[in-house]
Protein chains: 2
Amino acid sequence: MSVIYDRVALIGLGLIAGSMAHAMRRGKLAGEIVGTSRSAETRETAREIGFCDRVVDTAEEAVADADLTVLAIPVGAMGSVARKIGPRLKHGATVTDVGSVKRHVIEQVAPFMPKHVNFIPGHPLAGTEHSGPRSGFAALFENRWCLLVPDEATDCEALGRLRTLWEAMGANVDEMDAEHHDLVLAVTSHAPHLIAYTMVGVADDLKRVTDTEVVNYSAAGFRDFTRIAASDPTMWRDVFLANRSATLEILGRFTEELFALQRAIRTGDGDRLFDYFTRTRAIRRGIIEAGQDTGAPDFGRADTN
Amino acid sequence: MSVIYDRVALIGLGLIAGSMAHAMRRGKLAGEIVGTSRSAETRETAREIGFCDRVVDTAEEAVADADLTVLAIPVGAMGSVARKIGPRLKHGATVTDVGSVKRHVIEQVAPFMPKHVNFIPGHPLAGTEHSGPRSGFAALFENRWCLLVPDEATDCEALGRLRTLWEAMGANVDEMDAEHHDLVLAVTSHAPHLIAYTMVGVADDLKRVTDTEVVNYSAAGFRDFTRIAASDPTMWRDVFLANRSATLEILGRFTEELFALQRAIRTGDGDRLFDYFTRTRAIRRGIIEAGQDTGAPDFGRADTN
């Protein structure tokens, strides 16, 4: 694989940026990788690990002469960074982001992008419950989807090159518009996260059940919720605030359906429960067939995972 | 390890009974294992796999002369099986079950147990989303908890022997009363399962988001829900109906809390969201420290799981 961008600037040095750096290194996809983070401690750790060629102190320095700039920071921080780097961007450069919400990011970032720059929002659907500069790894994007959100003004060559980069890092690339992206993600990610956070909070609150009991007896079901609910608090606060309307719409549908099932339990309507549970099994089969998870049983133990 | 029970009867030949048979074989814990299932097809499959020494056609035959009988069938089927086997049970034998609900099982089973038999309800907190006679494996119970629910009349020697069996199959054993068990499990398992089923159903219903999109873009969050929601429909219908009041209580607390977080999203109260999400992270840490899950990142891909 040959170099796709001569110089890449990573703004933010967490799980996604770190994984991109590792993957670009492995594939020799970038001539030079320059990184920065608002936190001095994070910059120091990144220097120590060495996944960037250079770690600089400010976003303005990082984007100087960069062919691709990646905004890999919480959604709520995108606007102020865009304002700072806008005037420093190279003519013809591409700017992308990895935020979990697209309409809000476009509203915050696009006004600061000069006419001579290609701003192509993006969202790799990959992650773990870990965060920070030590959490990245080269294989994170393999066989995962990356959604790009171009509009009618997007330059085809610039879009093609960004797509090539993601594919070279192992991802499958799809394109959709910002509104649809935000609805799809509200269903597949944002609402499930809020629900998991809520359930874990309820367990913690319940005085008649001790934390030790919750922790020890979490084998079935609850364990998966705690993994989801261990995700980065800042990132998720921003996601919910930035994708407010789609998230609230899906949560509204969810509570409606939950009330119907609660009613079935209360009235002893076993047939309704059985039919519902049978239907949801089919979706699981689809995910395994699509290669997005394994059909192997989930042992749920440290020594076999 | 020496033989703990000369003859063990397994009523039901699904994931739990199959795994018990494999684990007892591995540890040479039973002199003879006799199994049965209501379904002729399941009995045939079990004979083919050969994890029992004998597979017989009826529960009455299976329990003849058994020192330990294990009811490993859906909670809703326990009562009618107990009625059939009651008169056939050997003097001094132990009967246990592996149901996810305890108060209801005791109400259904205890009336049919003769005075000369020790009925000690149990619940191994282990499982995968698979079911049926082919899904069992010897390591299922290793480092998992098994909860036993004795009462003041329980014979100490019989309880100690059952505990020894579970420990020899790799489980940690704890004891609690039936009401507390049902509340703890409503929090750690039953409510999370109903919530996961609901969310997967909502995604399937939403016409503006295609099933392909749901399947492809399920990497973050939703994927774990689909695994939970792929569990056996019959078993779970019975669990919700049998643990109705505790499940509805926890779901009530859950929706109350969910509404509070929805309100925080609607009003843009980022601090409240951030604090909540920070608190839930701590519970996850507790679970990893307790050895009930791994701290390794969840790659979520078939080739690494």
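Residues numbered from 1 in each chain as written. Chains lettered and ligands numbered in written order. Predicted model: local features only at pLDDT ≥ 70, side-chain atom pairs only at ≥ 80, totals over all residues.

S.K.: Looking at this model, I keep getting lost on the sheet that holds strand β6 (residues 118-119) of chain A. Mind explaining?
M.R.: Backbone hydrogen bonds are what pair the strands of a sheet, in a parallel or an antiparallel way. All names here are of chain A. The sheet built from six strands is open, its strands ordered β3-β2-β1-β4-β5-β6 with parallel pairing. Where the open sheet ends on each side, the last strands, each with one partner, are β3 (54-55) and β6. Looking at chain direction, strand β4 (residues 68-71) and strand β5 (residues 94-97) are connected through four bridges and run parallel. Residue pairing in the sheet places L71 in a bridge with D97 of β5. Sitting on the sheet, helix α1 (residues 15-27) is in contact with β1 (5-11), β2 (30-36) and β4, with an inclination near 160° to β2. (Pairing = 2+ DSSP bridges. Helix = DSSP H or I, 4+ residues; strand = E, 2+ residues; numbered from the N terminus. Contact = placed C-beta atoms within 7 Å. Axes fitted to C-alpha atoms, helices over the stretch in contact; angles between N-to-C directions.)

S.K.: Please clarify how unusual backbone geometry should be interpreted in this entry.
M.R.: The phi torsion of most residues other than glycine is negative, and most of the peptide bonds are trans. Here the phi dihedral of N143(A) falls at roughly 60°; this positive angle occurs in a residue that is not glycine. Phi at D65(B) is positive, roughly 70°, even though this residue is not glycine. By secondary structure assignment, the location of D65(B) is in the loop between α3 (59-63) and β4 (68-71).

S.K.: Mind showing me how you'd approach the domain arrangement of chain A here?
M.R.: Interfaces are often described in size by the accessible area the parts lose on coming together. All names here are of chain A. Each assigned domain of chain A is listed with its residue range as follows: domain 1 (5-176) and domain 2 (180-289). Using only C-alpha atoms to locate each centre, domain 1 and domain 2 end up separated by 30 Å. Opposite the 14 residues of domain 1 that make contact, domain 2 presents 15 residues. Counted by class, the side of domain 1 that touches domain 2 contains six nonpolar, five polar and three charged residues. (Domains from an automatic or database assignment. Nonpolar A, V, L, I, M, F, W, Y, C, P; charged D, E, K, R; others polar.)

S.K.: Which parts of the structure should I look at to understand the relation of the copies chain A and chain B?
M.R.: The pair of chain copies shares a relation made of a rotation about an axis and a shift along it. Least-squares fitting of chain A to chain B yields an RMSD of 0.0 Å, with the superposition described by an axial translation of 0.0 Å and a rotation of 180°. Here the transformation between the copies is reduced to the relation of a two-fold axis. (Least-squares fit on C-alpha atoms with pLDDT ≥ 70 in both.)

S.K.: Mind showing me how you'd approach the packing of helix α7 (residues 178-205) of chain A against helix α7 (residues 178-205) of chain B here?
M.R.: Packed helices, taken two at a time, are described by their axes: the angle between them and the distance between them. At a minimum axis separation of 11 Å, α7(A) and α7(B) run at an interaxial angle of 160°. For the element pair α7(A) / α7(B), the angle class is roughly antiparallel. Relative to α7(B), the crossing made by α7(A) is right-handed. Across the interface between the two elements, V187(A), T188(A), A191(A), P192(A), I195(A), M199(A) and A203(A) from α7(A) touch V187(B), T188(B), A191(B), P192(B), I195(B), M199(B) and A203(B) from α7(B). Of the residues belonging to the contact of α7(A) with α7(B), the class tally is twelve nonpolar, two polar and no charged. (Parallel < 35°, antiparallel > 145°, perpendicular 65-115°, else oblique. Left-handed = near helix turned anticlockwise from the far one by under 90°.)

S.K.: Got a minute to help me understand the nonpolar core in this structure?
M.R.: Generally speaking, soluble globular proteins have nonpolar side chains that are buried together. The biggest cluster of nonpolar side chains holds 207 residues, and the ones touching the most others in it are L10(A), V70(A), L10(B) and V70(B). The contacts of V70(B), once residues within four sequence positions are left out, are V8(B), A9(B), L10(B), I11(B), A17(B), M20(B), T96(B) and V98(B). (Core = buried A, V, L, I, M, F, W, Y, C linked by C-beta atoms within 7 Å. Buried ≥ 20, exposed ≤ 12 C-beta atoms within 10 Å, placed from the backbone.)

S.K.: Honestly, the interface of chain A and chain B in this entry has me stumped. Any pointers?
M.R.: Tallying the contact residues gives 98 residues for chain A and 98 residues for chain B. Elements supplying a minimum of two residues to the side of chain A that touches chain B: α7, α8 (211-216), α9 (222-228), α10 (233-242), α11 (244-267) and α12 (270-289) of chain A. At 19 residues, α7(A) tops the list of elements feeding residues into the side of chain A that touches chain B. Classifying every residue of the side of chain A that touches chain B by side-chain character gives 49 nonpolar, 28 polar and 21 charged.

S.K.: Help me understand α7(B), please; the structure alone is not making it clear to me.
M.R.: Residue pairs three or four apart in sequence face the same way in an α-helix, which turns once every 3.6 residues. Residue and element names in this part refer to chain B. Its 28 residues give α7 an end-to-end C-alpha distance of 37 Å, which sits within 8% of 40 Å, the value for a rise of 1.5 Å per residue. Its maximal kink placed at A186, α7 deviates by approximately 55°. The buried fraction of α7 is high, at 23 of 28 residues. (Expected span 1.5 Å × (residues − 1). Bend = angle between axes of the 7 residues up to and from the residue.)

S.K.: Could you clarify how one ought to interpret the pairing of strand β9 (residues 172-175) of chain B in this entry?
M.R.: On any regular strand, side chains alternate: one points to one face of the sheet, the next to the other face. All names here are of chain B. With four bridges connecting them, strand β8 (residues 145-148) and β9 associate as parallel partners. Among the inter-strand pairings, C146 is bridged to a residue of β9, identified as V173. In this fold, the crossover linking β8 to β9 by way of helix α6 (residues 156-168) has right-handed handedness. (Right-handed = clockwise from strand over helix to strand, strands pointing away.)

S.K.: I keep staring at the environment of Y276(A) and nothing clicks. Help me out?
M.R.: The topology assignment puts Y276(A) in helix α12. Measuring from C-alpha to C-alpha, the distance between Y276(A) and L261(A) comes to 8.9 Å, with 15 residues separating the pair along the chain. For Y276(A), the residues in contact, after removing those within four places along its chain, are L261(A), Y197(B) and G201(B).

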